[in-house]
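Okay, here's what each chain looks like letter by letter:
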Amino acid sequence: MKPLIKSHVFYYRFKTNYIWLFLTLLLLWFVLNLLNRFPVIVYWWEFWGLLGSCIYSLALWAFKYLKKHKMAVIDDKYIKIDHNRPLPWRLVACAEFKTARCGFRKLPIIAIRTKKPIRYSYNPLQKMCSKMDFTAFSIALYALSPEDVRRISKIIAQKTILIG
């Protein structure tokens, strides 16, 4: 196993959903146009609910597509996936390429298998993963760029056995 020089950080890459943005901006334009034509609606709670929903939807869109979200941090001692606790490499038995079902789609992932038994404090989502195709330590390849998929596969192959 080659030592890594520094920690490698990988970020989610979501395909931008411009339909969501367009529909939210269209609804916001409609609501503000209503306010311009009928200023009395400022006293209706329904108006404020609709305006708040539009602003909330725009904020969610901006949070998802404009902010960088960490997917994995890998260095010599550990791998940290999402916001979970770091998993030391000494506890990893192997990693394998898999396809996991999510709804009606099959998505590519790298499932990291640990040695048995390990002492690790799983979060609720990781505990739930035991009942699905995803494992407690899964790297979502479908949410990475092709270049990042090659890089993360190469790094994991250096640190442990990569099957598939």
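Residues numbered from 1 in each chain as written. Predicted model: local features only at pLDDT ≥ 70, side-chain atom pairs only at ≥ 80, totals over all residues. Heavy atoms only, no water.

**Quick look at the overall build of the chain**
Counting its regular elements, the chain contains four helices and eight strands. Counted from the first residue to the last, the chain has its helices and strands arranged as β-α-α-β-β-β-β-β-α-β-α-β. In terms of C-alpha radius of gyration, the chain reaches 22 Å, well past the compact-globule figure of 15 Å for 164 residues. The principal-axis extents of the C-alpha atoms in the chain amount to approximately 70 × 30 × 30 Å. Looking at the chain as a whole, 35% of its 164 residues are labelled buried. (Helix = DSSP H or I, 4+ residues; strand = E, 2+ residues; numbered from the N terminus. Rg over C-alpha atoms; globule rule 2.2 N^0.38 Å. Buried < 20%, exposed > 50% of the residue type's maximum accessible area, 1.4 Å probe, protein only.)

**A short note on the sheet that holds strand β1 (residues 8–11)**
Pairing in this open sheet of four strands is antiparallel, and the strands run β1-β2-β3-β4 from one edge to the other. Strand pairing shows two members of the sheet lacking a second neighbour, β1 and β4 (87–88), which therefore form its edges. Here four bridges tie β1 to strand β2 (residues 70–74), and the two strands are oriented antiparallel to one another. In the sheet register, V9 faces β2, and the bridge partner there is V73. Along the sheet face, helix α4 (residues 146–159) touches β1 and β2 and points at about 140 degrees away from the line of β1. (Pairing = 2+ DSSP bridges. Contact = heavy atoms within 4.5 Å. Axes fitted to C-alpha atoms, helices over the stretch in contact; angles between N-to-C directions.)

**Things to note about the packing of aromatic side chains**
Applying the stated criterion across every chain yields a total of five aromatic pairs. Ring centres of Y12 and F14 lie 5.5 Å apart, and the angle between their planes is 5 degrees; on these two criteria the pair is classed as stacked. When the ring of Y120 is compared with that of F137, the centres are 5.1 Å apart and the planes differ by 75 degrees; the resulting orientation is edge-to-face. Of this pair, Y120 sits in the loop between β6 (105–114) and α3 (124–128) while F137 sits in the loop between α3 and β7 (138–140); the two residues are 17 residues apart in sequence, bridging distant segments of the chain. (Phe/Tyr/Trp six-rings, centres within 6.5 Å; stacked < 30°, edge-to-face > 60°.)

**A word on the pairing of strand β5 (residues 92–102)**
Direction of pairing for β5 relative to β6: antiparallel, over a ladder of ten bridges. Directly across from A100, in β6, lies its bridge partner L107. Once β5 ends, the chain turns through two residues before running back antiparallel as β6, passing G103 with a positive phi of about 70 degrees. Note: β5 against strand β8 (residues 162–163), two bridges, orientation parallel.

**A word on the pairing of strand β3 (residues 78–81)**
Alternating residues of β3 divide into I79 and I81, all buried, and Y78 and K80, none buried. In the sheet, β2 pairs with β3 via three bridges, with the strands oriented antiparallel. Within the sheet, the bridge partner assigned to I74 lies in β3 and is I79. The turn joining β2 and β3, which pair antiparallel and follow one another in sequence, is formed by three residues. With two bridges joining them, β3 and β4 adopt antiparallel strand pairing. Bridge pairing in β4 places Y78 opposite P88. In sequence, β3 turns back onto β4 through a hairpin of five residues, with D82 there showing a positive phi of about 55 degrees.

**Re helix α1 (residues 18–37)**
In an α-helix, one turn spans 3.6 residues; hence positions three or four apart end up facing the same way. Given a rise of 1.5 Å per residue, 20 residues ought to cover 28 Å, and the 28 Å separating the end C-alpha atoms of α1 matches this to within 8%. Looking only at α1, the buried set comprises L21, T24, L28 and V31. The buried residues of α1 occupy an angular sector of 100 degrees when the element is viewed end-on, so they sit on one face. Residues of α1 that are exposed and point more than 90 degrees away from the buried face comprise Y18, I19, F22, W29, N36 and R37. Looking at the packing, one finds that the buried side of α1 touches α2 (45–66). In this structure N17 caps α1, since a side-chain oxygen of it lies 3.2 Å from the backbone nitrogen of I19. (Expected span 1.5 Å × (residues − 1). Arc of directions from axis to C-beta. Polar contact = N/O pair within 3.5 Å; in protein donor to acceptor, adjacent residues only side chain to side chain.)

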